[in-house]
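Structural characterization, general
Here is what each chain is made of, one letter per residue.
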Amino acid sequence: MTRRSKKCLEPLQKNLNYQFKNIKLLETALTHSSYANENNMKITENNERLEFLGDAIVSLIVSRYLYKKYPNYPEGELTKIRASVVCESSLAFIAKQINLGEFLLLGKGEEATGGRERESILGDASEALVGAVYMDSDFETTSRILLDKFENDLVHAVAKGSLFVDYKTDLQENLQKKKRVKIEYSVAREEGPDHSKVFHINVLIDGDIVGRGSGRNKKEAEQMAAKEALLILGDLDD
């Protein structure tokens, strides 16, 4: 297996605000099964086991947060909020915030078809990364790191009743309040074959690029671009 030097992984650890004691855990979290298969690695050397662990840990951390933060919410509401946040799109968005895709080890096929920005791969890698942090530290440290990335989404989910609302509409409404209404969405580029395309969209406000997003179709990419714009403008919790 091609191992990166610890120095090569420093930017990711800085983005994560965590330094690994056992760097091999981080390397494993970044190794997609396609890369492991192409390089005849052991089945335990890809990130699927850490993903399995991380999935449970993310759910527990978010559940505990909601339980303590909203003591008067019934079980049904807590379950609904957790489901809207602990999902592929949300985990992929966190991955993009820390540029996780840049550090993944992918097989040639996944690399050629835009795997570094595919939500399914990024979401799984986020869970694997959570699993790796947990194995390298403890539950409280992992909780702090995850909630640092997740808390705004959780608060938004409670305020809106759902996390994945229409971000394009939210952006339009917020900008209208500020008398800035010229919003444009433009395709920056497309990657991959017709059956597995990834679209990259920019959202421009008054001619300036404010948000970027990617998705399996233009609609999804536009929503992600609008969400990033809301985050950058500080309006996500409005």
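Look above for the structure.
My aim in this report is to walk through the structure given alongside it, one point at a time. Predicted, not measured: the structure shown is a model, and the values here were computed from it. (Residues numbered from 1 in each chain as written. Predicted model: local features only at pLDDT ≥ 70, side-chain atom pairs only at ≥ 80, totals over all residues. Heavy atoms only, no water.)

1. Some points on the nonpolar core
For clarity, the cut-off: The definition of a nonpolar core used throughout is a set of buried Ala, Val, Leu, Ile, Met, Phe, Trp, Tyr and Cys residues joined through side-chain atoms within 4.5 Å. The classification of residues rests on relative accessible area computed with a 1.4 Å probe and restricted to protein chains. Under 20% of the type maximum is buried, over 50% is exposed, and intermediate values are partly exposed. Elements are defined by DSSP. Helices are runs of H or I of four residues or more, strands are runs of E of two residues or more, and each kind is numbered from the N terminus. Two residues form a contact once any of their heavy atoms are found within 4.5 Å.
In this structure, L16, F20, L26, L30, L100 and L104 are the most contacted members of the largest nonpolar core, which totals 26 residues. Listing elements by their share of this core, those giving two or more residues are α1 (10-16), α2 (23-29), α6 (88-97) and α8 (119-136). Element by element, the count of residues in this core is highest for α8, at seven residues. Those residues in contact with L26 that sit more than four places away from it in its chain are L9, L12, Q13, F20 and L129. The next biggest cluster of nonpolar side chains, apart from the first, holds 17 residues, and it includes I61, V62, L78 and L146.

2. Considering the packing of helix α10 (residues 167-177) against helix α11 (residues 218-233)
Basically, it comes down to this: Each axis is a line fitted through C-alpha atoms, and for a helix only the stretch in contact is used; angles between axes span 0 to 180 degrees, taken between their N-to-C directions. The labels follow the angle: roughly parallel below 35 degrees, roughly antiparallel above 145, roughly perpendicular from 65 to 115, and oblique for the rest. Whether a crossing is left-handed or right-handed is set by the direction in which the near helix is turned from the far one by less than a right angle, anticlockwise for left-handed and clockwise for right-handed. Three residue categories are used. Nonpolar comprises Ala, Val, Leu, Ile, Met, Phe, Trp, Tyr, Cys and Pro, charged comprises Asp, Glu, Lys and Arg, and polar comprises the others, including Gly.
For the pair α10 and α11, the least separation of the axes is 8 Å and the interaxial angle reads 40 degrees. Regarding the angle of α10 to α11, the classification is oblique. For the element pair α10 and α11, the recorded crossing hand is left-handed. For the pair α10 and α11, contact is made by Y167, K168, D170, L171, N174 and L175 and by E222, Q223, A226, K227, A229, L230 and L233, respectively. Per-class residue counts for the contact of α10 with α11 are seven nonpolar, two polar and four charged.

3. Re the pattern of salt bridges
As a reminder of what qualifies: A pairing counts as a salt bridge when a side-chain nitrogen of Lys or Arg comes within 4 Å of a carboxyl oxygen of Asp or Glu.
Summed over the entire model, instances satisfying the criterion amount to seven salt bridges. E117 serves as the salt-bridge partner of R189, at 3.1 Å between the closest nitrogen and oxygen. On the criterion of sequence distance, the pair formed by R189 in strand β1 (residues 183-191) and E117 in the loop between α7 (108-112) and α8 is long-range, its members being 72 residues apart. According to the relative accessible area criterion, E117 is partly exposed, its value standing at 26%. Each of E117, R189 and E191 takes part in salt bridges that share partners, so that together they form one network.

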